[in-house]
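What the coordinates show
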Amino acid sequence: MTMSHLKDVYHDQLQDLWSANTQAVDAVTKLGRAAADKDLSEALIAGVNGMNDGLQKIAEICNRHDIDPNGEHCKGMEGLVAEAHAHVLDAEFGDADVRDAMIITQYQRMVHYALAGYGCLVAFANRLEQDEDGAILQECLDNTYGGDRTMTALATGGINKAAA
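First, a word on scope: everything that follows refers to the structure included in this document. Since the structure is predicted, the reported quantities are computational estimates derived from the model, not experimental observations.

Each α-helix turn comprises 3.6 residues. Residues three or four places apart therefore point the same way. Taking 1.5 Å per residue, 27 residues should reach 39 Å; helix α2 (residues 38–64) reaches 39 Å between its end C-alpha atoms and fits that length. Here α2 starts with a cap whose side-chain oxygen sits 3.0 Å from the backbone nitrogen of Asp39, and that cap is Asp37. Just past α2, the residue Asp66 takes up positive phi, approximately 55°.

Have a look at this one:
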């Protein structure tokens, strides 16, 4: 597809973020099962719920624009998911707290990809005067920031200390 207008970029990036979130849901579910810390596991479950909510909202936006949300495969998230497998799910740890510290690291990398995606989509929607889309995507962006802050609080509140 030739991209000739910001609308084309917007549609492409909606599909990219759909793919990214779809891939992340499976990986984060596995990270949640691997977590030893109860608060971390619960935060990861909340993260999966947030991603599923974002997927639903992206699908609704795509439907309003007559585009298939499955039209793109996000290679960026594919790489981040592979990293989560290599550094957590397929790795060996001598200490559960150390694993939990690594889980947070890998989760936040995936979340930061989503933050960039949602941030760009909000800007595109607003520039294209898609106010309803912009408001929905802003809500997703805000929720994603909340999940990132929760992980930082868990890391600095005790998990990293316990892993030291």
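We are not done yet, so read on.
Here the focus is the environment of Lys38. Along the polypeptide, Lys38 turns up in helix α2. On the basis of relative accessible area, Lys38 is assigned to the exposed category, the value being 58%. Along the backbone, Lys38 and Ile61 are 23 residues apart, and their C-alpha atoms lie at a distance of 35 Å.

Even without being glycine, Asp66 reaches a positive phi, approximately 55°. Mapped onto the secondary structure, Asp66 falls in the loop between α2 and α3 (75–89). When its relative accessible area of 72% is taken as the criterion, Asp66 is described as exposed.

End to end, helix α4 (residues 96–127) covers 46 Å across 32 residues, agreeing with the expected 46 Å (1.5 Å per residue, within 8%). By the N-cap criterion, in which a side-chain oxygen at the helix start approaches the backbone nitrogen of a residue two or three places on, α4 is capped by Asp95, the distance to Asp97 being 2.8 Å. Where α4 terminates, the next one or two residues include Glu129, which has phi positive at roughly 60°.

The rules behind each value
- Going along each chain's sequence as written, the residues are numbered from 1 onward.
- Only residues with pLDDT of at least 70 are given local features in this predicted model, and only at 80 or more are side-chain atom pairs given and counted; all residues enter the totals for whole chains, interfaces and linings.
- Side-chain numbers come from the whole structure's heavy atoms, not from hydrogens or water.
- Each helix is a run of DSSP H or I of at least 4 residues and each strand a run of E of at least 2, with the numbering of both proceeding from the N terminus.
- Expected helix span is computed as 1.5 Å times (number of residues minus one).
- Side-chain atoms alone can form a polar contact between residues adjacent in sequence; in general such a contact is a pair of N or O atoms within 3.5 Å, and within protein one must be able to donate a hydrogen while the other accepts it.
- Only protein chains enter the calculation, and the probe is 1.4 Å; a residue is then buried if its accessible area is under 20% of its type maximum, exposed if over 50%, and partly exposed in between.

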